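# Reading the structure
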Amino acid sequence: RYLTDVLEIRMSVPQDLKQTNAMRSFLYALLEGASESQGIRRNDIDGTLYYRSFGEAPSIILFDAVPGGAGHVENIKDHLRDAIAEGYKRIRDCTCGEDTSCYNCLRNYSNQRFHDDLQRGYAMKLMRLLLDTRI
């Protein structure tokens, strides 16, 4: 165990996007976008899903992967729209199929146990919804 900074993001999303695969795909697109837009080493931030109650979309939990926290999630909170926009650009421009993912968009070594579940199309839909609402 170690003390670090944490950010919880709760969203109201359409029923078809509440599923775990959609939210996890969004999580990794957001992390990639935050890393790129704010100049954070990707290994210094991470995230997980948190299920509050049955029937709700899971919350996105972002945390500094640096013991003691480095203030990255505070920076992400202050520039969330930039992180979403950069993540959207990354997955929009990828050439893999929307029903899959690759190392250019969502996949990395640390999320390899979820590779079969990550779908670029889910992340694009959620990010488009958020960008259209002008967060």
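Relevant structure appears above.
Attention in this report is confined to the structure presented alongside it. (Residues numbered from 1 in each chain as written. Predicted model: local features only at pLDDT ≥ 70, side-chain atom pairs only at ≥ 80, totals over all residues. Heavy atoms only, no water.)

### So, the overall build of the chain
The cut-off we apply is this: A run of DSSP states H or I qualifies as a helix once it reaches four residues; a run of E qualifies as a strand once it reaches two. Both are numbered from the N-terminal end. Both definitions apply: the radius of gyration is a C-alpha atom measure, and the globule rule equals 2.2 Å times residues to the power 0.38. Exposure is judged per residue with a 1.4 Å probe applied to protein chains only, and the accessible area is read against the type maximum: over 50% gives exposed, under 20% gives buried, and values in between give partly exposed. Contacts are residue-level and defined by heavy atoms, with any inter-residue pair within 4.5 Å sufficient. Residue-level accessible areas treat just the shown protein chains as cover; the underlying method is Shrake-Rupley with a 1.4 Å probe.
Within the chain one finds four helices and three strands. Listed by position from the N terminus, the elements making up the chain come as β-α-β-β-α-α-α. For the chain, whose C-alpha radius of gyration is 14 Å, the value lies close to the compact-globule estimate of 14 Å for 135 residues. A principal-axis box enclosing the C-alpha atoms of the chain has dimensions of 35 × 35 × 30 Å. Across the 135 residues in the chain, those meeting the buried criterion constitute 47%. For the chain, the proportion of contacts with a sequence separation of at least 24, taken over those separated by at least 6, is 64%. Surface exposure of the chain reaches about 7400 Å², of which carbon and sulfur atoms provide 45%.

### Points about the side chain of N108
Applied cut-off: In protein, a polar contact requires one atom able to donate a hydrogen and another able to accept it; more generally it is a pair of N or O atoms within 3.5 Å, and residues adjacent in sequence count only if both atoms are side-chain atoms.
Checked against the element boundaries, N108 lands in the loop between α3 (80-92) and α4 (120-132). A relative accessible area of 13% places N108 in the buried class. Among the polar contacts made by the side chain of N108, one reaches the side chain of S110 at a distance of 2.8 Å. When near neighbours in sequence (up to four residues on either side) are disregarded, N108 contacts E32, R42, Y103 and H115.

### Section: the side chain of D64
Here is the rule: The charge count includes Lys and Arg as positive and Asp and Glu as negative, but it does not include His or the ends of the chains. Any Lys or Arg side-chain nitrogen found within 4 Å of a carboxyl oxygen on Asp or Glu counts as a salt bridge.
Mapped onto the secondary structure, D64 falls in strand β3 (residues 59-64). R42 provides the closest opposite charge to the buried, salt-bridge-free D64, at an N-O distance of 10 Å. A polar contact is formed between the side chain of D64 and the backbone nitrogen of A70, at a distance of 2.7 Å. Separated by 2.9 Å, the side chain of D64 and the backbone nitrogen of G71 make a polar contact.

### Comments concerning the nonpolar core
Under the convention used in this document: Residues enter a nonpolar core if they are buried and are Ala, Val, Leu, Ile, Met, Phe, Trp, Tyr or Cys, with the set joined through side-chain atoms within 4.5 Å.
Core analysis: the biggest nonpolar cluster contains 40 residues, and F26, L30, I60, L62, I91 and M127 have the highest contact counts within it. For this core, the elements supplying multiple residues, two or more each, are β1 (6-9), α1 (20-38), β2 (45-50), β3, α2 (72-78), α3 and α4. Once residues within four sequence positions are removed from consideration, M127 is found in contact with F26, A29, L30, I84, G87, Y88 and I91.

### Let's talk about the environment of D64
Residue classification places D64 among the buried residues on the basis of a relative accessible area of 0%. Sequence separation of D64 and A34 is 30 residues, and the distance between their C-alpha atoms is 12 Å. At 3.0 Å, the side chain of D64 forms a polar contact with the backbone nitrogen of V73.

### Points about the sheet that holds β3
Quick note on the threshold: Pairs of strands are assigned from DSSP output, requiring at least two bridges between the strands. For helices, the axis comes from a line fit to the C-alpha atoms of the stretch in contact; other axes are also lines fit to C-alpha atoms, and the angle between any two N-to-C directions lies between 0 and 180 degrees.
Ordered by their spatial adjacency, three strands build an open sheet running β1-β3-β2, and the pairing between neighbours is antiparallel. At either margin of the open sheet sits one strand with a lone partner, and together these are β1 and β2. Strand-to-strand twist across the sheet, computed as the mean angle between neighbouring axes with direction ignored, equals 20°. Inspection of the sheet shows β1 paired to β3 by four bridges, in the antiparallel sense. Bridge pairing in β3 places L7 opposite L62. Helix-sheet contacts for α1 involve β1, β2 and β3, and the interaxial angle to β2 is about 160°.

That's the geometry; what it means functionally is another story.
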